[in-house]
Amino acid sequence: MPRTPRPLAMFAACAIGASCLALGPLTPATAAPPEPATPAAQGRAVPAGGVRINEVESNGGVPGDWIELFNASAAPADLSGVVVKDGDDSHAFVLPAGTMLAPGGFLVLDERDKTGVGDFDFGLGKDDHVRLFDSAGVLLDSVSWGPHAATTLGRTDAGEWRETSQDSKGTANVFAADPEAPGTPGAASSLRLSEVDSQPADWVELVNTGTEPLDIAGFELRDNSDDHSWRFPAGSTIAGGAYLVVDENSVGQIGGGTGLFSEAIGIGSADQIRLFDQTGGQLDDSGAWTAHAALDGDAAKATLARCAVSGGPFVLAHPTPGAANLCVTDSGEGGTEQPPLVTRVWPGSPSTTAIDTTPMFLEDSSGLDTQVTSDGVVLWAVDNGEGRFWKLNVAADGTAKIADGWADGKRARFQKDAANPRAAGPDTEGITAANDGFLYLASERDNSAKGVNFNAVLQIDPEAAGPDVVATVEWDLTGLLPQVSANLGIEAVEWVSDADLANKLVDVNTGAGYDPETYPLHGDGLFFVAVEDGGQVFAFALNSDGTAQRVAEVRPGLPGVMSLDYDTVLGGL
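Since this is a predicted model, take the numbers as computed values, not measurements. (Residues numbered from 1 in each chain as written. Predicted model: local features only at pLDDT ≥ 70, side-chain atom pairs only at ≥ 80, totals over all residues. Heavy atoms only, no water.)

Bringing the state of the cysteines into the picture now. Applying the stated rule across the entire model yields 1 disulfide. The partner cysteine of Cys307 in its disulfide is Cys327, sulfur to sulfur 2.4 Å. Here the disulfide of Cys307 and Cys327 is left-handed, its torsion about the S-S bond being about -125°. Separated by 20 residues along the polypeptide, Cys307 in strand β24 (residues 303–308) and Cys327 in strand β26 (residues 326–327) bring together distant segments of the chain. Given a relative accessible area of 0%, Cys327 falls into the buried group. (Disulfide = S-S within 2.5 Å. Helix = DSSP H or I, 4+ residues; strand = E, 2+ residues; numbered from the N terminus. Buried < 20%, exposed > 50% of the residue type's maximum accessible area, 1.4 Å probe, protein only.)

Okay, here's the thing in structure tokens:
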């Protein structure tokens with residue numbers, strides 16, 4: 001992710017109990033101050049009758065992010081040479097000669113996929129923009145936003161920008177009814193998804209978190225496909241504070257007729273459940289999962305549920321259809337309580353030691369890790385522009401110099417690019433040294449396809465002859481992590497030994513304390529990766545056969561996590 005070049009500095013961890021996060025530099029602060037609130041969207045007016053930006057998908061579209069243009073004029077518009085940019089002037093897509101847009105017509109520009117199909121090659125992030133320029137460089141239209149829209153961001157007939165109620169790619173925008181308008185059931189915001197069972201039976205539990213009964217006739221459940229839809233029939237209500245279970249034999253509306261829930265939706269091992277109001281506005285989402293919930297290998301003993309009635313992530317739970325949820329992390333039957341996250345002020349000096357006082361690296365060296373060796377302390381650094389990494393020797397006074405033979409570093413390569421030295425290579429955002437002699441680099445995308453979300457960890461042999469080093473093993477974690485914009489994926493990776501983790505971390509696959517023997521192919525430690533968008537941290541067992549298993553998730557409560565380090569003395573991440 002492009003950043004202003006800055007001197008590298010030594011960062012320290014704070015100690016936080018058994019499973020914890022340290023997220024600050026060498027200062028007394030334990031967390032950065034909150035960023036100022038950003039308006040949901042600010043649009044620039046365009047001349048009447050012109051071509052304008054009409055709808056934007058910045059997160060989780062198909063095949064990726066997309067931008068929709070609309071010709072509001074009464075004549076065809078020649079878009080030859082028109083330029084579309086995000087918030088970065090270096091990210092520009094020029095519409096080809098001969099591009100015409102009919103009056104009242106829509107034109108959708110897609111982010112390129114891994115195969116190169118699509119239009120623009122950059123992703124849209126949170127706190128981003130879309131700008132439209134004519135061929136002479138004159139700004140025609142623009143829109144900016146803060147957090148990602150839950151659906152898409154669209155322009156109303158009045159020219160205002162609002163979240164849409166559903167994706168309307170290539171067609172007129174659709175918005176939910178005004179919650180202040182007479183007759184609109186504003187209390188529907190108290191309706192939440194509560195628990196989901198995907199095996200051996202399929203059922204979904206909802207809860208009314210309010211005190212008043214809700215009329216939910218016409219409200220809709222979908223899985224991860226918009227074609228799989230089931231609606232509550234006329235007369236459906238849910239009392240205040242009550243739970244309601246929709247199971248395989250529940251009768252509702254399917255299309256223009258009636259049918260069983262099981263005829264519309266079969267909840268799969270890799271799926272999600274979504275809740276919509278009667279206007280098509282999305283109310284809630286379970287989040288996606290990649291395997292049936294199971295305890296001790298038995299799916300009948302487990303569901304996915306929220307631990308708090310008010311909301312939160314879906315985690316492993318004991319089945320409680322129609323009643324309050326019992327997550328495996330709750331104290332009580334069958335569960336192991338997750339130790340609370342407690343931050344401590346760094347006990348050392350508040351000063352920092354600048355290492356890169358004169359340019360030693362490239363423009364964006366965004367990953368650091370220390371390693372204690374028989375020859376002393378080594379500092380590893382990696383640049384995300386081309387996957388180049390360096391070895392530095394650290395003296396007792398904290399000064400560092402590039403190790404002999406490492407002046408130019410070495411360049412990490414994907415296996416697919418082994419015979420193609422001109423390939424752009426991985427966008428490496430993090431680096432960590434395990435105790436097996438290898439380095440592990442975290443990459444959030446392939447720089448040959450910058451607009452595609454591709455999160456991977458690469459095993460690199462630092463002793464291999466340079467200048468290019470091909471990964472010996474690659475773990476693709478994209479499907480096991482939240483789907484985010486291409487430039488907001490993995491930002492850090494850190495290896496922690498099993499000796500420091502055993503029985504100190506709740507394993508979401510078993511509901512018990514982490515037992516290394518559960519993962520016989522993983523080596524002797526877990527890899528923690530941080531996702532920038534959302535600030536989530538996940539622990540993975542990276543197996544020798546190239547497969548990966550997600551073991552745990554930690555939510556530090558920050559909007560983004562940019563670095564991870566484990567303090568072996570104080571026992572904190």
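That covers the picture; the talk isn't over yet.
We now examine the pattern of salt bridges. For the structure on display, the rule yields 15 salt bridges. Here Asp89 makes a salt bridge to Arg131, at a shortest N to O gap of 2.8 Å. Highlighted residues: Asp89 in the loop between β5 (83–85) and β6 (92–94) and Arg131 in strand β9 (residues 129–133), separated in sequence by 42 residues. In this structure Arg131 comes out as buried when scored by relative accessible area, which is 17%. (Salt bridge = Lys/Arg side-chain N within 4 Å of Asp/Glu carboxyl O.)

An order of β37-β38-β39-β40 is seen for the 4 strands of this open sheet, with the pairing classed as antiparallel. One side of each edge strand has no neighbouring strand; the edge strands of this open sheet are β37 (490–497) and β40 (548–554). When strand polarity is set aside, the average angle formed by the axes of neighbouring strands in this sheet is 25°. (Pairing = 2+ DSSP bridges. Axes fitted to C-alpha atoms, helices over the stretch in contact; angles between N-to-C directions.)

Moving on, we get to the confidence of the model for the protein. With 84% of its residues at a pLDDT of 70 or more, the protein has an overall mean of 80. Ranking the helices and strands of the protein by mean pLDDT puts strand β34 (residues 456–460) first, with 96, and strand β1 (residues 41–44) last, with 40. For the stretch residues 178–187, pLDDT sits under 50, and the model shows 5 contacts to residues farther than four places along the chain or on other chains. Within the model, the stretch residues 330–339 combines pLDDT values under 50 with 25 contacts to residues more than four positions away or in other chains. (pLDDT = per-residue confidence, 0-100. Contact = heavy atoms within 4.5 Å.)

Now for the pairing of strand β20 (residues 251–254). Remark: a regular strand shows side chains that alternate across the two faces of the sheet. Sheet topology places β20 next to strand β21 (residues 257–260); 4 bridges connect them, and they run antiparallel. Residue pairing across strands places Gln253 opposite Thr258, the latter belonging to β21. In sequence, β20 turns back onto β21 through a hairpin of 2 residues, with Gly255 there showing a positive phi of about 65°.

Quick look at the sheet that holds strand β14 (residues 203–208) now. Strand order in the open sheet made by the 6 strands is β19-β14-β13-β24-β25-β26, with antiparallel pairing throughout. Unpaired on one side and paired on the other, β19 (243–247) and β26 mark the two borders of the sheet. Relative to β19, β14 runs antiparallel, the two being bridged by 5 bridges. Bridge pairing in β19 places Leu206 opposite Leu244.

Attention shifts here to the packing of aromatic side chains. Inspection of every chain in the model, using the stated rule, returns 10 aromatic pairs. Where Tyr440 meets Trp475, the ring centres are 6.1 Å apart and the plane angle is 35°; that geometry is what we call tilted. Within this pair, whereas Tyr440 is found in strand β33 (residues 439–446), its partner Trp475 is found in strand β36 (residues 473–476), the two being separated by 35 residues in sequence. In this pair, the class of Tyr440 matches that of Trp475, namely buried. Through pairs of rings, three or more aromatic residues link up here, namely Trp230, Phe232 and Phe261. Positioned above the aromatic ring of Phe133, the side-chain terminus of Lys85 is 5.2 Å from the ring centre. Of note, Arg222 hangs over the ring of Phe276, and the distance from its end group to the ring centre comes to 3.8 Å. (Phe/Tyr/Trp six-rings, centres within 6.5 Å; stacked < 30°, edge-to-face > 60°. Lys NZ or Arg CZ within 6 Å of the ring centre and 35° of its normal.)

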